[in-house]
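Results of the structural survey
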Amino acid sequence: MLVKKTLLLKVDSQNPEKEKIQKAADFIKKGGLVAFPTETVYGLGADALNSKAIFALFEAKRRPLDNPPIVHVGDASDVHRLVKETTPKAEKLMKIFWPGPLTLIFKHSTIVPDVTVAGLDTIAIRMPNHNVALALLKESRCPIAAPSANLAGKPSPTTAKHVLDDLDGRIDAVLDAGPTHIGVESTVLDLTAMPPQILRPGGTPYEKLKEILGDVRLHPVAVAEKEMPIEGARSPGVKHKHYAPNAEVVLVEGEISVVKEKVKELAESHRRESRKVGVLATDETADYYRADVVKSLGSRNDLATVAKNLFRLLREFDSESVDVIIAEGIPTEGLGLAVMNRLRKAAGYKIVKAE
Ligand code: TXA
Ligand code: MG
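What counts and what doesn't
- Residues numbered from 1 in each chain as written.
- Chains lettered and ligands numbered in written order.
- Predicted model: local features only at pLDDT ≥ 70, side-chain atom pairs only at ≥ 80, totals over all residues.
- Heavy atoms only, no water.
- Buried < 20%, exposed > 50% of the residue type's maximum accessible area, 1.4 Å probe, protein only.
- Helix = DSSP H or I, 4+ residues; strand = E, 2+ residues; numbered from the N terminus.
- Pairing = 2+ DSSP bridges.
- Axes fitted to C-alpha atoms, helices over the stretch in contact; angles between N-to-C directions.
- Parallel < 35°, antiparallel > 145°, perpendicular 65-115°, else oblique.
- Left-handed = near helix turned anticlockwise from the far one by under 90°.
- Contact = heavy atoms within 4.5 Å.
- Nonpolar A, V, L, I, M, F, W, Y, C, P; charged D, E, K, R; others polar.
- Domains from an automatic or database assignment.
- Buried area = accessible area lost by both parts, 1.4 Å probe.
- Salt bridge = Lys/Arg side-chain N within 4 Å of Asp/Glu carboxyl O.
- Polar contact = N/O pair within 3.5 Å; in protein donor to acceptor, adjacent residues only side chain to side chain.

Looking now at the pairing of strand β5 (residues 102-107). The element β5 is extensively covered by neighbouring structure, given that five of its six residues are classed as buried. The sheet contact formed by β5 and strand β9 (residues 187-190) spans four bridges and is parallel. Within β9, the residue paired with L104 across the bridge is L189. Here β5 pairs with strand β6 (residues 122-126) via four bridges, running antiparallel. Counterpart to I105 in the pairing with β6 is A124.

Turning next to the packing of helix α9 (residues 303-319) against helix α10 (residues 336-346). In contact at an axis separation of 9 Å, α9 and α10 are set at 30 degrees when each is read in the N-to-C sense. With respect to α10, the axis of α9 lies roughly parallel. The handedness of the crossing between α9 and α10 comes out as left-handed. Contacts between α9 and α10 involve L303, V306, A307, L310 and F311 from the first element and G336, V339, R342 and L343 from the second. Within the contact of α9 with α10, the residues separate by chemical class into seven nonpolar, one polar and one charged.

On to the environment of A76, then. Mapped onto the elements of the fold, A76 is located in the loop between β4 (71-72) and α3 (88-97). Separated by 51 residues in sequence, A76 and M127 place their C-alpha atoms 7.0 Å apart. If near-sequence neighbours (up to four positions away) are discounted, A76 is found in contact with M94, W98 and M127.

Bringing the domain arrangement of the protein chain into the picture now. Here the domain parsing of the protein chain yields domain 1 (7-223) and domain 2 (248-353). Taking both partners together, domain 1 and domain 2 bury about 1,700 Å²; carbon and sulfur atoms supply 56% of that area. If you sort the residues of domain 1 by the area they bury against domain 2, P155, V184 and P201 come out on top, with a joint share of 29%. Linking domain 1 with domain 2 are two salt bridges. Put simply, R342 and E185 hold a salt bridge, and the shortest N to O gap is 2.8 Å. Across the contact surface, domain 1 and domain 2 share eight residue pairs in polar contact (both at pLDDT 80 or more). Residues of the side of domain 1 that touches domain 2, tallied by class, amount to 12 nonpolar, 10 polar and six charged.

What follows concerns unusual backbone geometry. The phi torsion of most residues other than glycine is negative, and most of the peptide bonds are trans. Between W98 and the following residue, P99, the backbone shows a cis peptide bond with an omega angle of -5 degrees. With an omega of -10 degrees, the peptide bond running from M194 to P195 counts as cis. With respect to the secondary-structure elements, P195 resides in the loop between β9 and β10 (197-200). Unlike most non-glycine residues, R62 shows phi in positive territory, near 55 degrees. Tracing the backbone through its elements, the reader meets R62 in the loop between α2 (51-61) and β4. Look at R62 and you get exposed, because its relative accessible area is 55%. Located in the positive-phi region is A118, a residue other than glycine, with phi close to 50 degrees. Structurally, A118 can be placed in the loop between β5 and β6.

Taken together, the five strands give an open sheet; going across it, the order is β14-β13-β15-β12-β16, and neighbouring strands pair in parallel fashion. Of all strands in the sheet, those with a lone pairing partner are β14 (293-296) and β16 (351-354), marking the two edges. Strand-to-strand twist across the sheet, computed as the mean angle between neighbouring axes with direction ignored, equals 20 degrees. Bridge count for strand β13 (residues 277-281) against strand β15 (residues 324-328) is four bridges, and the pairing is parallel. Each residue of the ladder has a partner; that of V277, found in β15, is V324. Packed onto the sheet, α9 meets β13, β14 and β15 and runs at close to 170 degrees relative to β13. Together, β12 (248-254), β13, β15 and β16 form the strand contacts of α10, whose direction differs from that of β12 by roughly 135 degrees.

So, in structure tokens, the structure goes:
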């Protein structure tokens, strides 16, 4: 593909400068590609109703065409022309959780191009909670398809620098409003299933959805304890390699006192084999390990901070060229479930149960 000059537009995250948003929106309107911040991670945006732009989006990310992006809207009422119908349940969820990190799956209407939904009869939609994203949507006057702004398979970007590390020269512009707030992607909830199913845990915790919906299930792919056969996967993205740093990742799960011993033992045995070892630890345990690089996600009692740091730390291990990352499992409550889903996938399901 042609190398383009990628324009870096620094914007104020609360009150984005109008001329910069206009510049970015001009690219979108002309079928171009613009990376922008959301409250979860940076997305790579293109006009969701322009098939040519969406083909270019897949190409820039090197994303397989069978994995559809999430379509972003600037107002809940924009959903109506994109979907066949909404239900009282969907309306209620949109009212409570939008703008925010919850993506809803609907049957789509006929105006949506095939490529945008990878030929499926459903569409994933969310309204992001970020002033820059909302300003861009408003100014572009179209729904914006935006997968995470990383090369396929890599950890999602939480800063504009991560975006450029993967996509510089492949996209038209990036709006830089600093690090994102949540750090893991939105929760994907399938409302076409009965009862509704979580296909990907994310920024809106399962517990919160359960409070509102009563009956909501976690699809086995959302838990990601093991690889699922492709037929079993309702969410197309789950069958592709994901969140993987260059280093091998080994995830150790179990009760923290035993996990600590196992992580220590694994780190030491890899070092004896002369491999450069990284340990992904938490504040409570980081001092305990001997490895080439030890990084802490934050306190085990503060899973929001853990989520916020996850993708950045995975990328940092790569820039320090470690050969193997031994990662400590964390509790699966609240945002912890999203973090563990990403770690299990990053590990290619290489999970060691410490007992
Ligand atoms: O937080 C987020 O969701 C970020 C920001 C940029 O909004 N976006 C994001 O998009 O993570 P992406 O494309 O990287 O992930 C979209 C996920 C994939 O797992 C995909 O398979 C799933 O949503 N998905 C998209 N359309 C779907 C559909 N019709 N049915 C089931 N799953 C779908
Ligand atoms: Mg992604």
